[in-house]
Every structure is written in C-alpha cells, then in structure tokens.
Amino acid sequence: KKAVYSVAFGIGKYLAVTGADKTVSIYSAKGGWVLCYETKLANSIHDIKWNSNARFLAFISQDKTKPLTVFDTVTWNDVAEIKSAKHDQLGISTGNELTCLQWSHDDKFLAVAGSDGTVFLKESDKWKLTYAIKNTGIESLGTSPKAAENTV
C-alpha cells in the first residue's frame, strides 16, 4: 500500500487521488466511484485542485520538466503546463519548486505559487500569464468567499 497525499472532489462528480505511487487517479461518481482516468508522473504531487464546474483539474508535482499540469476532463488532454525553464512559451520564469495552486471562484484565473515567493496568475481562457506577484513567505493560496474579492 502507498500513502495518499492529496484528495480533491470535483463538485461531487469526480474524486482525484494522488499519493506516494506518483499517480493521479480520477474516480467518477457515475457508476459508483469507478476509476475513469489515471496518469503516472515522474515525481510526487504537491497540490491538486478542480475548477468550480469540475471541467479542469490542475495539479503541481516535483517533476522539473512538467511541474504544473491542467487536464480537461472532456478530452483528458493536457491544456496547459508550466515548464521550469527560465523563458517558456507560457511566460512563467521560475527555476524554483512550485508549491501550491488555487482557482479563482469564477474560474477566470489559476494562481500558482513557487518556493521563491512568486505568485503567477494565468487567465484560464487562453492560459496566458496575466500577473506575476513577488511576495516572500507564500505557503498557501486561498480565495475570498465573494468572487469579486479574490485574494492571495
């Protein structure tokens, strides 16, 4: 048996489970929580989050070549990834470990933070970098209960 590190519900429709086996397993409520998708990664997962309608699942791992992945549950294709290279195609420049992530309540943004204290905000419609906020001491990300008051 392998330890489970993170679980996340997608509006009662999906359950994502990650753990020491370096696998992201997605279970569907339809049919009684049956495995519907699984992917194996090179390293362990740090954090995993669904957007509000459970269409997109974002997760970050210790994988230096693919630290952030966002899956579309309609196609199970990877829709965005952040490379750890200094100048990747998505505009994220971090050589540091990614540590946490959070969707905005309206799903317009995906915030990703790294061990260097930078929070990157990606627009989820085109997956383009909107802001990079430098802030030391980031340990977690959260949002306000009011959609107009998203906070980091």
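See the structure shown above.
Every chain's residues receive numbers from 1 upward, in the order its sequence appears when written. A pLDDT threshold of at least 70 governs which residues receive local features in this predicted model, and a stricter bar of 80 or more applies before side-chain atom pairs are shown or counted, although totals over entire chains, interfaces and linings include all residues. Values shown for side chains rest on all heavy atoms present in the structure; no hydrogens or waters enter the calculation.

**Student:** It is not clear to me how unusual backbone geometry should be interpreted in this structure. Could you clarify?
**Tutor:** A negative phi holds for most residues other than glycine; trans holds for most peptide bonds. Of note in the backbone geometry, Lys22 takes a positive phi value of approximately 65° without being a glycine. Secondary structure is summarised from DSSP: a helix means a run of H or I of at least four residues, a strand means a run of E of at least two, and numbering begins at the N terminus for each. You can see Lys22 is positioned in the loop between strand 2 (14–19) and strand 3 (23–28). Positive phi values are uncommon outside glycine, yet Ala54 reaches one of about 60°. By the secondary structure assignment, Ala54 is in the loop between strand 5 (45–50) and strand 6 (56–61).

**Student:** Which parts of the structure should I look at to understand the environment of Phe56?
**Tutor:** In this structure, Phe56 sits in strand 6. Overall, Phe56 belongs to the buried group, its relative accessible area being 15%. A 1.4 Å probe rolled over the protein chains alone gives each residue an accessible area, and that area as a share of the maximum for its type sets the label: buried under 20%, exposed over 50%, partly exposed in between.

**Student:** Quick question: what am I supposed to make of the sheet that holds strand 2 here?
**Tutor:** Backbone-to-backbone hydrogen bonds pair the strands of a sheet. The strands run either parallel or antiparallel. Should DSSP find at least two bridges between two strands, the strands are regarded as paired. In spatial order, the strands read 1-2-3-4; together these 4 strands make up an open sheet with antiparallel pairing. At either end of the open sheet lies a strand with only one pairing partner, and these are strand 1 (4–10) and strand 4 (34–40). Between one strand and the next, the sheet's axes are offset by a mean angle of 15°, whatever the strand orientation. Sheet analysis places strand 3 next to strand 4, joined by 6 bridges and oriented antiparallel. Residue pairing for strand 4: Thr23 is matched across the bridge by Lys40. Angles shown run from 0 to 180 degrees and are taken between the N-to-C directions of axes, each axis being a line fitted to C-alpha atoms and, for helices, limited to the stretch in contact.

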